[in-house]
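Descriptive analysis of the structure
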Amino acid sequence: MKTMKNLYSYYLILPAILIYSIFFVVPAVIGFYYSFTDWRLDRLDIHFIGWENFSKIFSDKTLTLALKNTVIFAVVTVVGKNVIGILLAVALNMRLKTKNLLRALFYSPSILSILVISILFTPMLRTEGTINQMFEAIGLHSLSQAWLTNPQLVIWTIAAVSIWQSAGFQMAIYLAGLQSISQEYYEAARIDGASSWKSFFKITLPLLLPAININLMLTLIGGLKVFSEVYVMTGGGPGNASQVVGTIIMRAFGEGNWGLGTAVNTLLFVVVTIIAIPLLIFMRRKEVAE
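Residues numbered from 1 in each chain as written. Predicted model: local features only at pLDDT ≥ 70, side-chain atom pairs only at ≥ 80, totals over all residues. Heavy atoms only, no water.

1. Comments concerning the nonpolar core
Quick reminder of the rule: Nonpolar cores were defined as sets of buried Ala, Val, Leu, Ile, Met, Phe, Trp, Tyr and Cys residues, with membership established by side-chain atoms within 4.5 Å. Residue exposure (1.4 Å probe, protein chains only): buried if accessible area is under 20% of the type maximum, exposed if over 50%, otherwise partly exposed. Secondary structure elements follow DSSP: runs of H or I no shorter than four residues count as helices, runs of E no shorter than two count as strands, and numbering proceeds from the N terminus. Here, residues are in contact when the closest pair of their heavy atoms is within 4.5 Å.
Counting residues in hydrophobic clusters, the biggest one holds 39 residues, and the most contacted among them are I57, Y174, L208, I212 and V264. Elements with a contribution of two residues or more to this core: α2 (52-59), α3 (61-91), α7 (154-179), α8 (183-191), α10 (209-224), α12 (245-254) and α13 (258-289). Per-element tally for this core: the top contributor is α13, with eight residues. Beyond its immediate sequence surroundings of up to four residues, V264 is in contact with I57, V245, I248 and I249.

This is the structure we're talking about:
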C-alpha cells in the first residue's frame, strides 16, 4: 500500500514527461545524430560524416565570428541587465511618491516584443536617425556614431537595445526579492553603525542571491540564444559583422544545408549547458552558504 502511494505522485507527472519526451527529448536526440551527417536539401541520401560539420564551424571565419559575437552579446547583456535591474530595484524600493508610476514605466518595455522594439530602434539608430540628431542638437557631435553600420560597434549597439528592453523585467524580480527581506536586518545594522553601502553588500546582496540566481540564468540563456534583434536590426550585417549563432543557423537551413545548421544548433546547446549548469551549481551553493 505504501509503495502504491509513493508511485501515485509519479503517475501524475507521467503525461508531462511523455509530452516533454516526444516534443523535446526525441527531436534533440535526432538532431544530435543529424549534426554528424551531410543532410542537405539537394540530396536524397544522408551519409554519416563524423566531425566534418564541426570542423567547418571552427575553420570558417564567419562561423567563428558568430560564436564570438554571441559570447560578447551574452556577457554584455548579462552584466547590463542585472546591474541596471538591481540598481533600479534598490532605487524604486525606497519611499518615493512616484515609485509605482516609475516601476510601471521602467517595466513597460519588457512587455513589448523584442521584434517591435527592434523595428522601432532601427530608424532611430541610423546615421541620420533620432539618436544622432539628439546628440547634435545638444552639442555632443563627437557622440554621433554609425551605430548599425560600424562593424566594431554594431553588436554592442544591439546589446544596448536588448538591455533597454529587458532591464525592467530583471528589476521586477529584484524588487520581489528586496520586499521579502525583513527590515529588522537593516535596523540592526543601523544600530551597529553600518553605512548604507555596508548594509547593501552585507545584507541586501546575500539575501538577494535567489533572485540573482534566477536573473543570471534567464539573461545568460537568453543572451546565448540571441536571434530576433540581430535579424530585424541588421540581418547579420554590415557584411557579417553582427552575425550570431542564431542567424547562422537560420542561414544554414535557408541554404538547405540542414546538417551544418543542426551542428551549429548542437554546438549552441553544448555551450549553453557547459556555461549554465556550473554557474547554477555555484550560485546554489552560494545561496545555501548564505
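Having put the structure on the table, let's press on.
2. Quick notes on the UniProt feature "domain: ABC transmembrane type-1" (unreviewed entry) in the protein
Stated precisely, the cut-off is as follows: UniProt positions are given in the numbering used here, feature names are shortened, and annotations may be inferred rather than shown by experiment.
Cross-referencing UniProt, the feature "domain: ABC transmembrane type-1" (unreviewed entry) maps to residues 67-279 in the present numbering. Between the end C-alpha atoms of residues 67-279 there is a gap of 20 Å, over a span that is 72% helix and 0% strand.

3. Notes on the pattern of salt bridges
Stated formally: What counts as a salt bridge is simple: a side-chain nitrogen of Lys or Arg found within 4 Å of a carboxyl oxygen of Asp or Glu.
The final tally for this structure, using the stated rule, is one salt bridge. R40 is the salt-bridge partner of D42, the closest N and O atoms lying 3.1 Å from each other. Under the relative-accessibility criterion, R40 is labelled partly exposed at 23%.

4. Examining α12
Turn by turn, an α-helix covers 3.6 residues, leaving residues three or four places apart pointing in a common direction. Listed in full, the buried residues belonging to α12 are V245, G246, T247, I248, I249 and A252. Backbone geometry just after α12 places G256 at a positive phi near 85°.

5. Here's the deal with the packing of helix α4 (residues 99-107) against α7
So the rule is basically this: Between the N-to-C directions of two axes lies an angle of 0 to 180 degrees, each axis being a line fitted to C-alpha atoms and, for a helix, fitted only over the stretch in contact. By the definition adopted for this analysis, an angle is roughly parallel if under 35 degrees, roughly antiparallel if over 145, roughly perpendicular if from 65 to 115, and oblique otherwise.
Running from N to C, α4 and α7 point in directions that differ by 140°, and their axes come no closer than 8 Å. Between α4 and α7, the interaxial angle falls into the category oblique. Residue-level inspection shows R103, F106 and Y107 of α4 in contact with α7, the latter providing G168, F169, M171, A172, L175 and Q179.

6. Considerations on the environment of D42
Put simply, the test is: Whenever two N or O atoms come within 3.5 Å, that pair is a polar contact, provided that in protein one can donate a hydrogen and the other can accept it, and provided that, for residues adjacent in sequence, both atoms are side-chain atoms.
Among the structural elements, D42 can be located in the loop between α1 (2-34) and α2. On the basis of relative accessibility, which here comes to 58%, the residue D42 falls in the exposed class. In this structure the C-alpha to C-alpha distance between D42 and N257, which are 215 residues apart in sequence, comes to 8.7 Å. Of note is the side chain of D42, whose polar atom sits 3.1 Å from the side chain of R40.

7. Topic: unusual backbone geometry
The residue after G237, namely P238, is reached through a cis peptide bond having omega -5°. Its location among the elements puts P238 in the loop between α11 (228-233) and α12.

8. A look at the packing of aromatic side chains
Quick reminder of the rule: Ring geometry is summarised as follows: Phe, Tyr and Trp rings, the Trp one being its six-membered ring, pair when their centres sit within 6.5 Å, and such pairs are stacked at plane angles under 30 degrees, edge-to-face over 60 and tilted between the two.
Summed over all chains, the structure comprises 14 aromatic pairs. Relative to F36, the ring of F32 has its centre 5.2 Å away and its plane inclined at 70°; by these criteria the two rings are edge-to-face. Overall, F32 belongs to the partly exposed group, its relative accessible area being 47%. On the accessibility criterion, F36 (9% relative accessible area) is buried. Summarising the aromatic geometry, the rings of F36 and F54 are spaced 5.2 Å apart at their centres and angled 45° between planes, so their arrangement reads as tilted. Taken together, the residues span a long stretch of sequence, with F36 in the loop between α1 and α2 and F54 in helix α2 at a distance of 18 residues. Note on accessibility: F36 and F54 belong to one class, buried.

9. Quick notes on the UniProt feature "transmembrane region" (unreviewed entry) in the protein
The sites that UniProt annotates as "transmembrane region" (unreviewed entry) are residues 12-34, 71-92, 104-125, 153-178, 199-224 and 260-282. Along residues 12-34 the backbone is 100% helical and 0% strand, and the end-to-end C-alpha distance reaches 34 Å. Secondary structure within residues 71-92 divides into 95% helix and 0% strand; the distance between the first and last C-alpha atoms comes to 31 Å.

10. Quick notes on the packing of helix α5 (residues 114-124) against α7
Here is the rule we go by: In a left-handed crossing the near helix is turned counterclockwise from the far helix by less than a right angle, and in a right-handed crossing that turn is clockwise. Amino acids outside the nonpolar list (Ala, Val, Leu, Ile, Met, Phe, Trp, Tyr, Cys, Pro) and the charged list (Asp, Glu, Lys, Arg) are all regarded as polar, and Gly is one of them.
Packing of α5 against α7 brings their axes to within 11 Å, and their N-to-C directions diverge by 130°. Considering the angle they form, α5 stands oblique to α7. For the pair α5 and α7, the crossing hand works out as right-handed. Across the interface between the two elements, I114, I117 and F121 of α5 pack against V161, W164 and Q165 of α7. Along the lines of polarity and charge, the residues of the contact of α5 with α7 split into five nonpolar, one polar and no charged.

11. A few points about the side chain of N53
With respect to the helices, strands and loops of the structure, N53 is situated in helix α2. Its relative accessible area of 7% is what places N53 among the buried residues. A polar atom in the side chain of N53 sits 2.8 Å from the backbone oxygen of T37. Residues contacting N53, with those up to four places away along its chain left out, are S35, F36, T37, G259, L260 and A263.

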